[in-house]
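Secondary and tertiary structure notes
Okay, here's what each chain looks like letter by letter:
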Amino acid sequence: MIDRNTSDHQIVEFDLTAHEARRRTEVVAALGDTWDPLAVMEGEADAHRLLYSDLDAEQQATYDMLIAAGVLPAPGRA
């Protein structure tokens, strides 16, 4: 076994598993009972379609290039 601790550095490890589980629980609780994930996803898709609608020819070519390169998601996959 190699001791990575030196006089200049001490290795400290933290297990944040319990903290992450608590954080996620608090986020879901803060969203409340009226949060509708499907409506949120549909709204995001609508915003994506609106953002990339009515592009001129140069903008459309750039958009298509970014989709082909995998930089932007293909339509319907946003």
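First, a word on what this report is: a plain description of the structure on this page.

So, about unusual backbone geometry. Trans peptide bonds make up the majority, and among non-glycine residues the majority have a negative phi. The residue Asp54 is not glycine, and still its phi comes out positive at about 55 degrees. The residue Asp54 is located in the loop between helix 2 (37-51) and helix 3 (57-68) in this model.

Turning our attention to the packing of aromatic side chains. Per the stated rule, a full pass over the model turns up 1 aromatic pair. Ring geometry for Tyr52 against Tyr63: centres 4.6 Å apart, planes inclined by 25 degrees, an arrangement best described as stacked. Taken as a pair, Tyr52 in the loop between helix 2 and helix 3 and Tyr63 in helix 3 lie far apart in primary sequence, 11 residues in all.

What follows is about helix 1 (residues 17-31). For helix 1, spanning 15 residues, the distance from its first C-alpha to its last is 22 Å, which sits close to the expected 21 Å at 1.5 Å a residue. Just beyond helix 1, the residue with positive phi is Gly32, at close to 80 degrees.

Before going further, it helps to examine the pattern of salt bridges. On inspection of all chains with the given rule, the structure shows 3 salt bridges. The partner of Arg24 in a salt bridge is Glu20, with the nearest N and O atoms 2.9 Å apart. With Arg24 and Glu20 both in helix 1 and 4 residues apart, this pair spans about one turn of that helix. Residue Arg24 is classed as exposed on the basis of its relative accessible area of 52%. Judged by its relative accessible area of 27%, Glu20 is partly exposed.

Thresholds applied
Residues numbered from 1 in each chain as written. Predicted model: local features only at pLDDT ≥ 70, side-chain atom pairs only at ≥ 80, totals over all residues. Heavy atoms only, no water. Helix = DSSP H or I, 4+ residues; strand = E, 2+ residues; numbered from the N terminus. Phe/Tyr/Trp six-rings, centres within 6.5 Å; stacked < 30°, edge-to-face > 60°. Expected span 1.5 Å × (residues − 1). Salt bridge = Lys/Arg side-chain N within 4 Å of Asp/Glu carboxyl O. Buried < 20%, exposed > 50% of the residue type's maximum accessible area, 1.4 Å probe, protein only.

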